[in-house]
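What follows is each chain in one-letter form.
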Amino acid sequence: SSGLLASLTDTLTNLLEQADAMVDEATLAVQAVLSPLAIPLAMSSMVASLLSQANGIWDSLTETAPQPLQSGIASAQTTLAAGVSVPATNSDTTYADSVTTALAGVPAAIVDAITDPSSSVVAPAQQVEGDAAQIVDAQTAANILLSGAVQIGAPADTLSSVPSVPAATLALGVVARGLIVSQLLAVWGSLSFVSGADAVAARDQFIAALDALLVDLETAVASGVGVSLSGLWIAIHAARTALIADCSTQVGRLPAVVSIPLSATISAWTLAYAVAGDEVTEVQTVFDDLVGRNGIRHPALVGPGEIQVLEQST
């Protein structure tokens, strides 16, 4: 296809390609860090601790998640909890690749668990078909991954105090965080935004996760890690640029949020009718948005003050 639709699709495709590049570079980094023919005991212990603590983080973050997400990540969690056996002779990349797979499994499974609310699902015996608990929306997945990306760096920082492998520990911490952020970027295409301001707010959260990852990477490099992380650095920056580009295309298609000054208290319905104008079919949409956007507890009592609403094309 060509024209506007093709350009919009291309920005998202480019973003997903850059996310794939991050995974590729993370895989190469793990292979480089875990390349010794005989894995030192300190390093194998550090890897086991990192996997174990990562498993604990995901357990904590997903314990209240929708049931389909918990079921979807169960296999990956089992793999992560089991850890990776250290070979007597590390003659190929099998050990390193197993570590990468264990770290990437849960974030990837979280993305795979995202469901389309309009699609039919088979409910567990204790649930009623159509129950909202069966739905895993993209925002829920994004929130879990954002929290995971923040928390996964802490174990690596703590474990880096091991005297013999501090730089290697920090490098693996960067990889663990990078694998999560790469899957976070995969969620972007499933998010839907009501306004341009909402898209920009989400973009800023994702950009913050990428920037924090870059800080961790620079810290690992400064610690004297003996492997090159330049490929991962390039991939992160490329993903950052691609995310901004795709967000810009979405903002151009979404309505803006405007502030309406209210000098007195009025009903949310009155305000919704005033904003929607002649488009009566849009009144409910405007009402729902202004109540949620402004955190209105009682729709009959809105204002005084600044109230944010979606700008109407009419």
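**Things to note about the overall build of the protein**
No. 1: What the protein contains, in helices and strands, is 12 helices and two strands.
No. 2: Of the regular secondary structure in the protein, the N- to C-terminal order runs α-α-α-α-α-α-α-α-α-α-β-α-α-β.
No. 3: Within the protein, buried positions represent 42% of all 314 residues.
No. 4: A separation threshold of at least 6 residues defines the contact pool for the protein, and within that pool the share at least 24 residues apart is 76%.
No. 5: Summed over its atoms, the accessible surface of the protein is roughly 14,800 Å², and 56% of this surface lies on carbon and sulfur atoms.

**A word on a negative patch on the surface**
No. 1: Residues Asp10, Glu17, Asp20 and Asp24 make up a contiguous surface patch of negative charge.
No. 2: Its location among the elements puts aspartate 10 in helix H1 (residues 4-33).

**Thoughts on the environment of alanine 272**
No. 1: Mapped onto the secondary structure, alanine 272 falls in helix H11 (residues 268-276).
No. 2: For alanine 272, a relative accessible area of 0% puts it in the buried group.
No. 3: Along the primary structure alanine 272 and glutamine 284 are separated by 12 residues, whereas in three dimensions their C-alpha atoms are 7.6 Å apart.
No. 4: Those residues in contact with alanine 272, other than ones at most four positions away along the chain, are Val283, Val286, Phe287 and Leu290.

**Describing the confidence of the model for the protein**
When pLDDT is low, close inspection of the predicted coordinates is not appropriate.
No. 1: Residue-level pLDDT values for the protein average 84, and 86% of them are 70 or greater.
No. 2: Every residue in residues 4-8 scores below 50 in pLDDT, and together they form four contacts with partners more than four places removed in sequence or on other chains.

**Some points on the nonpolar core**
No. 1: One finds Met22, Leu34, Trp58, Ile110, Leu185, Trp188 and Phe206 to be the most contacted residues of the largest nonpolar core, which totals 81 residues.
No. 2: When contributions to this core are tallied by element, the ones reaching two or more residues are H1, helix H2 (41-62), helix H4 (74-82), helix H5 (94-112), helix H6 (138-151), helix H8 (166-188), helix H9 (196-222) and helix H10 (230-251).
No. 3: Broken down by element, this core gets its largest block of residues, 15 residues, from H8.
No. 4: Not counting chain neighbours up to four residues away, the residues in contact with isoleucine 110 comprise Trp58, Leu69, Ile73, Ala141, Ile144 and Leu145.
No. 5: Core analysis: the second largest hydrophobic core is formed by 15 residues, Ala268, Val291, Ile296 and Val309 among them.

**Concerning the packing of aromatic side chains**
No. 1: Scanning the entire structure with this criterion turns up two aromatic pairs.
No. 2: Judged by centre distance (5.3 Å) and plane angle (45°), the ring pair of tryptophan 188 and phenylalanine 193 falls under tilted. Take tryptophan 188 and phenylalanine 193: they sit in the same class, and that class is buried.
No. 3: The structure contains a cluster of three or more aromatic residues connected by ring pairs, namely Trp188, Phe193 and Phe206.

Cut-off values and rules
Residues numbered from 1 in each chain as written. Predicted model: local features only at pLDDT ≥ 70, side-chain atom pairs only at ≥ 80, totals over all residues. Heavy atoms only, no water. Helix = DSSP H or I, 4+ residues; strand = E, 2+ residues; numbered from the N terminus. Buried < 20%, exposed > 50% of the residue type's maximum accessible area, 1.4 Å probe, protein only. Contact = heavy atoms within 4.5 Å. Areas by Shrake-Rupley, 256 points an atom, 1.4 Å probe, with all protein chains shown as cover. Patch = residues over 30% accessible without salt bridge, like charges linked within 9 Å, V, L, I, M, F, W, Y side chains within 5 Å. Salt bridge = Lys/Arg side-chain N within 4 Å of Asp/Glu carboxyl O. Lys, Arg positive; Asp, Glu negative; His and termini not counted. Charge placed at Lys NZ, Arg CZ, Asp CG, Glu CD. pLDDT = per-residue confidence, 0-100. Core = buried A, V, L, I, M, F, W, Y, C linked by side-chain atoms within 4.5 Å. Phe/Tyr/Trp six-rings, centres within 6.5 Å; stacked < 30°, edge-to-face > 60°.

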